[in-house]
Amino acid sequence: MRWSKPSLTLILGVLLTGAGVLAGCGGAGQSVWDMARGYVGATATAVDGRLLSQDRQERGALLFAFGDYGGLNTDAMQTVAVPWKLTSAALVMAQAPEDVSQASLRRILASYGFLYPMEIANWPEGAGPPPTPEAVLGVTLGVGRRSLPPIELQIGNIGCAACHAAPTYETDGRPAPERVWLGAPNPSLNLEAYTQGLYAALQLGVAQPERLMATVGQLYPDMTERERATLQSFVMPRVRERMKAIAATGQGVLPFSNGLPGATNGVAALKLQHGLLANDPDAMTRETGFTSIPHLADRAWRSALLWDGAYAPPGRERFRPMEASDLTEAHSDQLAAITAYFTVPSMGVSGAQARRHVPDVKTAWAFLQTVRPQPFPGRIDQARAAAGREIFQRACASCHGTYAETAEGPRLVRFPNWAGDVGTDRTRAEAITEDLAARVNASPLRASISAAHTGVYAAPPLTGLWQSAPYLHNGSVPSLAALLGLEERPVRFRVGGHAMDMQRVGVAYPEGYRPYAQPAWVDTRQSGLNGRGHEAPFAGLSREERLALLEYLKRL
C-alpha cells in the first residue's frame, strides 16, 4: 500500500476470469456471482492466524508490513497481482539460469530495491517476532483455491512495506538492508525496472514454455500437482495471449513510466485503473508526475493527503492548521479511510474491495501513529544545531510546523498544513485533473474522500527528513546540503542502493562501496524531474546559518 503516493507496478493482465474458465465451487465468503465468473481469491499467508492478537499495534504492524488489503485475487491480476511461482521463475530463468534457487530470486529482487530483512528494528516492543518474508518484504503472497475445476494458485502483489520500509544506517552512513525501519521511505525501490525486467523475463518464458515450467519445478520443488496443472493449463495460455496483446500495441508493457529508485508515478497508475489512458499515444511523454516516497512519521498531522493535498475528508477544510488536540481518533479514522483508496492504483484493488478493507487500514494506522524515524546515526554539532533550531523557527516553521524540545528530541506540536507554489516542478501539481478527481469522487469510497485538483503542493512534516533523501517532491535534489544552497544542485546524479553522506545528509557512493541495489541516473532535465525551486526560504541566510540549519534538520 502506498500511504501517500501509490504506484502501479505491473500490467501483465493475467486474465483468469474470462468465459467461465474457472467456474465452479468457490471458497467461503464468495458470492454466487463470484463463483459464476470464476473468481479466485486468497489472503496473505504471513498474517494468517496472527491477527488474533489482542494488541492493536501488533496487529497494525502485521497488516502494515505483511497485509494484502484484498489484493490477492484474480480481479487484481488483471492489472497488478501476478501468479507468483510462474513470474518469479521467469525472472530466475532470465537472469540467473545457472543458479535456480530462492537465493538467486532474492538477489534479483534486491537489485530492484526490494528488501529481505533479518530484523525489523522498530517492530512493536513486546510483540511476538515478525514473520519472515516469504519472498521479500513488500511482496505479499497467498494461495487461492477452487474445487471445480481443481484450481490452486499462489498469487503475489505489492504491499505497503515495498515502498515504506528502508534499510537502517550505520554511523558511517553505510546501509544495513538486513535490518529495516518500517515507515521510512525505501530509497531504492525501482518499480519501473522491476516491471520491465518481469516483462522481458515473461517474453523469454512464453517463448520457451517447457523450460519455464521446468524452472518453476526447480525453484518450488514442493509445489503441488494441482498448482502445476493450474499454471500449465490455465495460466500459461493466458500469459501468452496477454503478451501478444501487449506487443501488438507497440507501446510496451505500460503507457507510462513508473519512475526511478525511490520515486513512483501513482497518478498515472490511478488514471490507468480508471480507463483514462486507453489508446493514448502521448501518455508516456505527458504522464511524468513522479513523486518521491515520503517518510510516514507524523503523517496524522496532515489535513489532506498526497503531495498536492488532493484527498481530504468530505466536509472539512482541505488545508487547515492542526494542534495536538486535533489528533483525535476520528481524524485518524478519516485519514485511514482515504488511505484505503490508495490500494486501487497500487494493488489493482477495486473501489468496493478497498471500502471493505477500511477496518484493516484503521488498524494499520494504530501502528503508523507510533512510527518515529531512526535516530540520526552520525555526528551532530550540538552547538550549531541549537542555533539552527532558531533559524528553523524563523525560516521553516510557518510551512513545515513547530517542533518543541522534549526528552526524546524535537516533537511536532503545531502544523499549519500550508499549501502553495514554491517554484518547484509543476508536473505533479497538474497531474490530478478535474476528470480524475470526479472519478475518485464517484467511487465506492466517495463518502470518505473529497478529491480535487489543487494545483499546489502541500508542505509536509519534516520528521525523518534525514532518512528521506533525495529531496523535493520529485526526488530531484540528492542532499540537504544541495537543497540549502551549500553546494550546487547537480543536473545528474545516481540514486539506488546508495549509502548516506552523514555530513551533507544525502545520497552517497563512497570509494569502494558496493550498492545493495542497482543504481539509476536521475536527470533533472527530463520532464517531471526539474530540480529547481524552494530556494527562497534560504536566500537571506549566511553560509554559517545554513550549516546550523543543516545540523538541526538531522535531529528531526
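Residues numbered from 1 in each chain as written. Predicted model: local features only at pLDDT ≥ 70, side-chain atom pairs only at ≥ 80, totals over all residues. Heavy atoms only, no water.

## Notes on unusual backbone geometry
Point 1. The amide bond that connects alanine 469 to the next residue, proline 470, takes the cis arrangement and shows omega of 0°.
Point 2. If you check the backbone angles, tyrosine 69 has positive phi at about 55° while not being a glycine.
Point 3. Tracing the backbone shows tyrosine 69 in the loop between helix H2 (56–66) and strand E1 (82–83).
Point 4. Classification of tyrosine 69 by relative accessible area gives buried; the value is 2%.
Point 5. With phi around 80°, leucine 306 is a residue other than glycine that occupies positive phi space. (Helix = DSSP H or I, 4+ residues; strand = E, 2+ residues; numbered from the N terminus. Buried < 20%, exposed > 50% of the residue type's maximum accessible area, 1.4 Å probe, protein only.)

## With respect to the pattern of salt bridges
Point 1. Evaluation of the coordinates by the stated rule reveals 26 salt bridges.
Point 2. Here arginine 286 and glutamate 287 are joined by a salt bridge, their closest N and O atoms 3.1 Å apart.
Point 3. Owing to a relative accessible area of 5%, glutamate 287 belongs among the buried residues under this scheme.
Point 4. Across the pair glutamate 390 and arginine 389 runs a salt bridge, and its minimum N-O distance is 3.6 Å.
Point 5. Judged by its relative accessible area of 21%, arginine 389 is partly exposed.
Point 6. Taken together, the salt bridges that share partners define one network made up of Lys271, Asp280, Arg286 and Glu287. (Salt bridge = Lys/Arg side-chain N within 4 Å of Asp/Glu carboxyl O.)

## Thoughts on the packing of helix H15 (residues 382–395) against helix H19 (residues 543–553)
Point 1. At a minimum axis distance of 7 Å, the contact between H15 and H19 shows a crossing angle of 95°. Looking at the two axes, H15 sits roughly perpendicular to H19. Taken together, the residues of H19 that come into contact with H15 (itself represented by Arg384, Ala385, Ala387, Gly388, Arg389, Ile391, Phe392 and Arg394) are Glu544, Glu545, Leu547, Ala548, Leu549, Glu551, Tyr552 and Leu553.
Point 2. In terms of residue class, the contact of H15 with H19 is built from 9 nonpolar, 1 polar and 6 charged. (Axes fitted to C-alpha atoms, helices over the stretch in contact; angles between N-to-C directions. Parallel < 35°, antiparallel > 145°, perpendicular 65-115°, else oblique. Contact = heavy atoms within 4.5 Å. Nonpolar A, V, L, I, M, F, W, Y, C, P; charged D, E, K, R; others polar.)

## Structural notes on the side chain of lysine 85
Point 1. Positionally, lysine 85 belongs in helix H3 (residues 84–95).
Point 2. Within the local environment of lysine 85, its side chain forms a polar contact with the side chain of glutamine 154, the two groups lying 3.1 Å apart.
Point 3. At 3.1 Å, the side chain of lysine 85 and the side chain of glutamate 227 are in polar contact.
Point 4. Beyond its immediate stretch of four places on either side in the chain, lysine 85 contacts Gln154, Val216, Tyr220, Met223, Glu227 and Leu231. (Polar contact = N/O pair within 3.5 Å; in protein donor to acceptor, adjacent residues only side chain to side chain.)

## Considering helix H6 (residues 191–207)
Point 1. For H6, which comprises 17 residues, the first-to-last C-alpha distance of 24 Å matches the rise-based estimate of 24 Å (1.5 Å per residue) to within 8%.
Point 2. Regarding H6, the residues found buried are Leu191, Glu192, Tyr194, Thr195, Gly197, Leu198, Tyr199, Ala201, Leu202, Gly205 and Val206.
Point 3. Of the surrounding elements, those touching the buried residues of H6 are E1, H3, helix H4 (102–111), helix H7 (209–219), helix H8 (225–249) and strand E7 (263–264).
Point 4. Measuring from the backbone nitrogen of glutamate 192 back to the side-chain oxygen at the start of H6 gives 3.3 Å, which picks out asparagine 190 as the cap. (Expected span 1.5 Å × (residues − 1).)

## Structural notes on the packing of aromatic side chains
Point 1. Scanning all chains against the criterion turns up 11 aromatic pairs.
Point 2. A ring pair is formed by phenylalanine 114 and tyrosine 194, whose centres lie 5.2 Å apart and whose planes are at 75°; its orientation type is edge-to-face. Taken together, the residues phenylalanine 114 in the loop between H4 and strand E2 (119–120) and tyrosine 194 in helix H6 connect sequence positions 80 residues apart.
Point 3. On the accessibility criterion, phenylalanine 114 (3% relative accessible area) is buried.
Point 4. A residue is classified by how much of its surface remains accessible, and tyrosine 194, at 4% relative accessible area, is buried.
Point 5. Their ring planes at 85° and their centres at 5.4 Å tell us that phenylalanine 376 and tryptophan 466 sit as a pair that is edge-to-face. Residue phenylalanine 376 is found in the loop between helix H14 (358–368) and H15, and its partner tryptophan 466 is found in the loop between strand E15 (457–458) and helix H18 (480–483); the two are separated by 90 residues along the sequence. When sorted by exposure, phenylalanine 376 lands in the same class as tryptophan 466, which is buried.
Point 6. Through a chain of ring-to-ring contacts, three or more aromatic side chains come together here, namely Tyr112, Phe114 and Tyr194.
Point 7. Seen from the ring of tyrosine 220, lysine 85 lies directly overhead, with NZ or CZ sitting 5.3 Å from the centre.
Point 8. Between the NZ or CZ atom of arginine 492 and the centre of the ring of tryptophan 521, over which it lies, the distance is 4.3 Å. (Phe/Tyr/Trp six-rings, centres within 6.5 Å; stacked < 30°, edge-to-face > 60°. Lys NZ or Arg CZ within 6 Å of the ring centre and 35° of its normal.)

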